[in-house]
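Topology and contacts: notes
Chain residues, written in single-letter form:
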2 protein chains.
Amino acid sequence: MKFQAEIDVMPKKEILDPQGKAVTGSMKNLGLAEIQNVRIGKHVSLEIEADTQEAAENKVEQACKSLLANLIMESYSFTVTAV
Amino acid sequence: MKFQAEIDVMPKKEILDPQGKAVTGSMKNLGLAEIQNVRIGKHVSLEIEADTQEAAENKVEQACKSLLANLIMESYSFTVTAV
């Protein structure tokens, strides 16, 4: 079976996010001062070939831990759906 | 009212994604050959002060178009929820 995973990798709350801070500042210049607290991370989409939903989730977990996220500075969350 | 927006900005399907291609290759080396077709974009989370859900969505739309996404190469999608 084929599964589609959508993964968000974000800087942890305790970690400064200079890119997000810069974008928050730019919002004001664009007349969007109502927008606050911008944080910027990565979004990863991928396909997995697996027998079960659980197996697919395990693979994604493994990929996040070993490659996609730096667990010292980033946290991740994902959804896996059959396609 | 305060709203939380979660925005995904991804390279369009027609556009080559060299970072995603590199990660797809690395998956094989990590013993995760079942993972294919990795694409990497940005995930942005932000807070908006607005009167209604619709007003908040309009602000996010405006932010995406004017700053967060390059519409020539990227497409975006978002969800807005009251907090």
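Residues numbered from 1 in each chain as written. Chains lettered and ligands numbered in written order. Predicted model: local features only at pLDDT ≥ 70, side-chain atom pairs only at ≥ 80, totals over all residues. Heavy atoms only, no water.

This is how the line gets drawn: UniProt positions are given in the numbering used here, feature names are shortened, and annotations may be inferred rather than shown by experiment.
With an unreviewed UniProt entry as reference, chain A is termed Phosphoribosylformylglycinamidine synthase subunit PurS, source organism Mucilaginibacter aquatilis. Recorded under Pathway (unreviewed entry), the UniProt text for chain A is reproduced unchanged: "Purine metabolism; IMP biosynthesis via de novo pathway; 5-amino-1-(5-phospho-D-ribosyl)imidazole from N(2)-formyl-N(1)-(5-phospho-D-ribosyl)glycinamide: step 1/2." For chain A, the Subunit (unreviewed entry) comment in UniProt is given as "Part of the FGAM synthase complex composed of 1 PurL, 1 PurQ and 2 PurS subunits."

**Section: the sheet that holds strand β2 (residues 35-49) of chain A**
To be explicit about the condition: Strands pair, by our definition, only if DSSP identifies at least two bridges between them. Here a strand is any run of E in DSSP of at least two residues, a helix any run of H or I of at least four, and the numbering for each starts at the N terminus. Orientation is described by lines fitted to C-alpha atoms, with helices fitted over the stretch in contact, and by angles between N-to-C directions that extend from 0 to 180 degrees.
Across the sheet, 6 strands lie side by side as β3(A)-β1(A)-β2(A)-β2(B)-β1(B)-β3(B); this open sheet has antiparallel pairing. Unpaired on one side and paired on the other, β3 (74-82) of chain A together with β3 (74-82) of chain B mark the two borders of the sheet. Neighbour-to-neighbour, the strand axes of this sheet turn through a mean angle of 20 degrees, independent of strand direction. Where strand β1 (residues 2-11) of chain B and β3(B) come together, 9 bridges link them in antiparallel fashion. Looking at β3(B), one finds that Phe3(B) is bridged to Ala82(B).

**Details of the interface of chain A and chain B**
Defined as follows: Note on definitions: a residue-residue contact is assigned when non-hydrogen atoms from the two residues lie within 4.5 Å. Once two parts are put together, the accessible area they lose, assessed with a 1.4 Å probe and summed over both, is termed the buried area. By definition, a salt bridge exists where a carboxyl oxygen of Asp or Glu is found within 4 Å of a side-chain nitrogen of Lys or Arg.
Each partner contributes to the interface: chain A provides 30 residues, whereas chain B provides 30 residues. Counting each side, the surface lost to burial between chain A and chain B is near 2,600 Å², with a carbon and sulfur contribution of 65%. Scanning the region where chain A abuts chain B turns up 2 salt bridges. Ionic pairing is found between Lys59(B) and Glu34(A), a salt bridge with its closest N-O pair at 3.4 Å.

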